[in-house]
Amino acid sequence: MAKVLICDDEAGLRAVIKRYAIFEGHDVTEAGDGLEAVELCRDDTFDIIIMDVMMPELDGFSAVKEIRKFSDTPVIMLSARGEEYDRILGFEFGVDDYVVKPFSSKEIMLRINAILRRADKNSFRESDADGHIVFEKDGLKVDMTAYKVSIDGIQVDMAPKEYDLLFFLIRNRNIAIPREKIMTEVWGYDYYGDDRTLDTHIKLLRKSLGPYSYFIKTLRGLGYRFDG
């Protein structure tokens with residue numbers, strides 16, 4: 001059972017997600033705006049947060065920004081708008097997934113449970129100071145055990161999904177990886193045909209890698225390859 005916080009100013013939408021989450025065996029708390037969500041997160045610990053973008057008092061982006069100051073709880077952002085700018089903004093704040101309304105209850109629960117499974121798997125990751133898994137080439141150094149990435153000796157910060165995507169590409173370097181496989185392995189759910197989530201993260205990852213973005217090759221009609 002996971003503790004789920006659903007934050008949306010539409011009571012009807014909260015009720016629908018809550019119904020299915022409870023059916024899946026999760027414990028659900030509701031918030032009607034971003035300010036309330038931040039206060040709840042200060043007072044309690046949640047396993048995942050479902051956060052709407054457009055809300056009174058405090059919008060979803062601002063709420064996530066505040067929550068990230070003291071918590072790394074996974075966040076799924078909900079929005080009626082699917083513009084790339086909104087997605088990039090959310091991912092830069094550390095949002096784990098971005099779902100455009102309207103969406104099916106089956107889809108949202110699939111994404112919730114996929115993120116929970118990944119979070120549970122990552123919680124058991126071992127960190128052995130004498131046996132870190134490190135990729136290093138040219139001026140790029142990636143410590144997959146310590147979750148550290150350095151560009152020409154300077155450590156850079158990335159959003160959680162950027163790390164996951166980079167590590168997956170490196171582990172499968174020099175291999176052409178189909179888009180569907182990347183989505184399934186990195187996001188943990190079946191591919192829904194929404195190219196923008198993957199493409200936006202690739203764009204963010206290339207930006208983070210700076211002069212070493214060339215390691216990531218786009219394979220038109222197929223997917224991506226990390227040349228290393």
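What counts and how
Residues numbered from 1 in each chain as written. Predicted model: local features only at pLDDT ≥ 70, side-chain atom pairs only at ≥ 80, totals over all residues. Heavy atoms only, no water. Axes fitted to C-alpha atoms, helices over the stretch in contact; angles between N-to-C directions. Helix = DSSP H or I, 4+ residues; strand = E, 2+ residues; numbered from the N terminus. Parallel < 35°, antiparallel > 145°, perpendicular 65-115°, else oblique. Left-handed = near helix turned anticlockwise from the far one by under 90°. Contact = heavy atoms within 4.5 Å. Pairing = 2+ DSSP bridges. Buried < 20%, exposed > 50% of the residue type's maximum accessible area, 1.4 Å probe, protein only. UniProt positions renumbered as here; feature names shortened; annotations may be inferred. Phe/Tyr/Trp six-rings, centres within 6.5 Å; stacked < 30°, edge-to-face > 60°. Lys NZ or Arg CZ within 6 Å of the ring centre and 35° of its normal. Domains from an automatic or database assignment. Buried area = accessible area lost by both parts, 1.4 Å probe. Salt bridge = Lys/Arg side-chain N within 4 Å of Asp/Glu carboxyl O. Polar contact = N/O pair within 3.5 Å; in protein donor to acceptor, adjacent residues only side chain to side chain. Nonpolar A, V, L, I, M, F, W, Y, C, P; charged D, E, K, R; others polar.

Visitor: I tried to follow the packing of helix 2 (residues 34-43) against helix 3 (residues 60-67) on my own but got confused; where do I start?
Guide: Relative placement of two packed helices is described by the angle separating their axes and the distance separating the axes. Where helix 2 meets helix 3, the axes come as close as 9 Å, and the angle between the chain directions of the two elements is 20 degrees. Taken together, the axes of helix 2 and helix 3 are roughly parallel relative to one another. You can see that helix 2 and helix 3 cross each other, and the crossing is right-handed. Where helix 2 approaches helix 3, its residues G34, V38, C41 and R42 are matched on the opposing element by A63, E66 and I67.

Visitor: Would you mind going over the sheet that holds strand 12 (residues 223-226) with me for this structure?
Guide: Adjacent strands of a sheet form backbone hydrogen bonds with each other and so pair up, either parallel or antiparallel. Spatial ordering of the open sheet is given by 10-12-11, a layout of three strands whose pairing is antiparallel. The open sheet has two free edges, formed respectively by strand 10 (177-178) and strand 11 (216-219), since each of these has just one partner strand. Relative to strand 12, strand 10 runs antiparallel, the two sharing two bridges. Within the sheet, the bridge partner assigned to P178 lies in strand 12 and is G223. Set on the sheet, helix 6 (residues 160-171) makes contact with strand 10, strand 11 and strand 12; between it and strand 12 the angle comes to about 70 degrees.

Visitor: Just checking my understanding: could you explain the environment of L165 for this structure?
Guide: Relative to the elements of secondary structure, L165 occurs in helix 6. A relative accessible area of 0% places L165 in the buried class. Spatially, the C-alpha atom of L165 lies 30 Å from that of I22, the residues being 143 residues apart in sequence. Those residues in contact with L165 that sit more than four places away from it in its chain are I182, V186, L198, H201, I202 and L205.

Visitor: Looking at this structure, I do not really get the UniProt feature "modified residue: 4-aspartylphosphate" (unreviewed entry) in the chain. What am I missing?
Guide: As annotated by UniProt and renumbered to match this structure, "modified residue: 4-aspartylphosphate" (unreviewed entry) occupies D52. You can see D52 is positioned in strand 3 (residues 48-52). Those residues in contact with D52 that sit more than four places away from it in its chain are C7, D8, D9, G60, M77, L78, S79 and K101.

Visitor: Sorry if this is basic, but what is going on with the packing of aromatic side chains here?
Guide: Aromatic ring pairs are reported here in terms of the distance separating the ring centres and the angle at which the planes meet. Under the counting rule described, the total for this entry stands at eleven aromatic pairs. Summarising the aromatic geometry, the rings of F135 and F215 are spaced 6.4 Å apart at their centres and angled 85 degrees between planes, so their arrangement reads as edge-to-face. Taken together, the residues span a long stretch of sequence, with F135 in strand 6 (residues 134-137) and F215 in the loop between helix 8 (195-209) and strand 11 at a distance of 80 residues. Of the two residues, F135 and F215, both sit in the buried class. For the ring pair F135 and F226, a centre distance of 5.5 Å and an interplane angle of 80 degrees mean the geometry is edge-to-face. One end of the pair, F135, is in strand 6; the other, F226, is in strand 12, and 91 residues separate them in sequence. The exposure classification of F135 matches that of F226, with both residues buried. One aromatic cluster is present, formed by F135, Y212, Y214, F215 and F226 through successive ring pairs. The cationic tip of K3 hangs over the ring face of F46; the distance from NZ or CZ to the ring centre is 5.7 Å.

Visitor: What is the right way to look at the domain arrangement of the chain in this model?
Guide: A common way to report how large an interface is uses the accessible area buried once the components associate. You can read the domains of the chain as domain 1 (2-120) and domain 2 (134-226). On a C-alpha basis, the centres of domain 1 and domain 2 stand 24 Å from each other. Contacts between the two partners involve 16 residues from domain 1, matched on the other side by 19 residues from domain 2. Interface area for domain 1 against domain 2, summed over the two sides, is near 1600 Å², with a carbon-plus-sulfur share of 52%. Of all residues in domain 1, R87, F91 and R118 give up the largest surface area on contact with domain 2, accounting jointly for 35% of the area buried on that side. Taken together, domain 1 and domain 2 are joined by one salt bridge. At the boundary of domain 1 with domain 2, the tally comes to zero residue pairs in polar contact (both at pLDDT 80 or more). Of all the elements in the fold, those that place two or more residues in the side of domain 1 that touches domain 2 are helix 4 (84-92), strand 5 (97-100) and helix 5 (105-122). With six residues, helix 5 is the largest single contributor of residues to the side of domain 1 that touches domain 2. For the side of domain 1 that touches domain 2, the residue count by class is five nonpolar, two polar and nine charged.

Visitor: How should I be thinking about the pattern of salt bridges in this particular structure?
Guide: For side chains bearing opposite charge, pairing can occur when the charged atoms are close. This structure, assessed with the given rule, holds 16 salt bridges. Salt-bridge contacts for D96 lead to R68; the nearest nitrogen and oxygen are separated by 3.7 Å. Of this pair, D96 sits in the loop between helix 4 and strand 5 while R68 sits in the loop between helix 3 and strand 4 (75-79); the two residues are 28 residues apart in sequence, bridging distant segments of the chain. With a relative accessible area of 9%, D96 lands in the buried category. Each of D8, E10, D52 and K101 takes part in a single network of salt bridges with overlapping partners.

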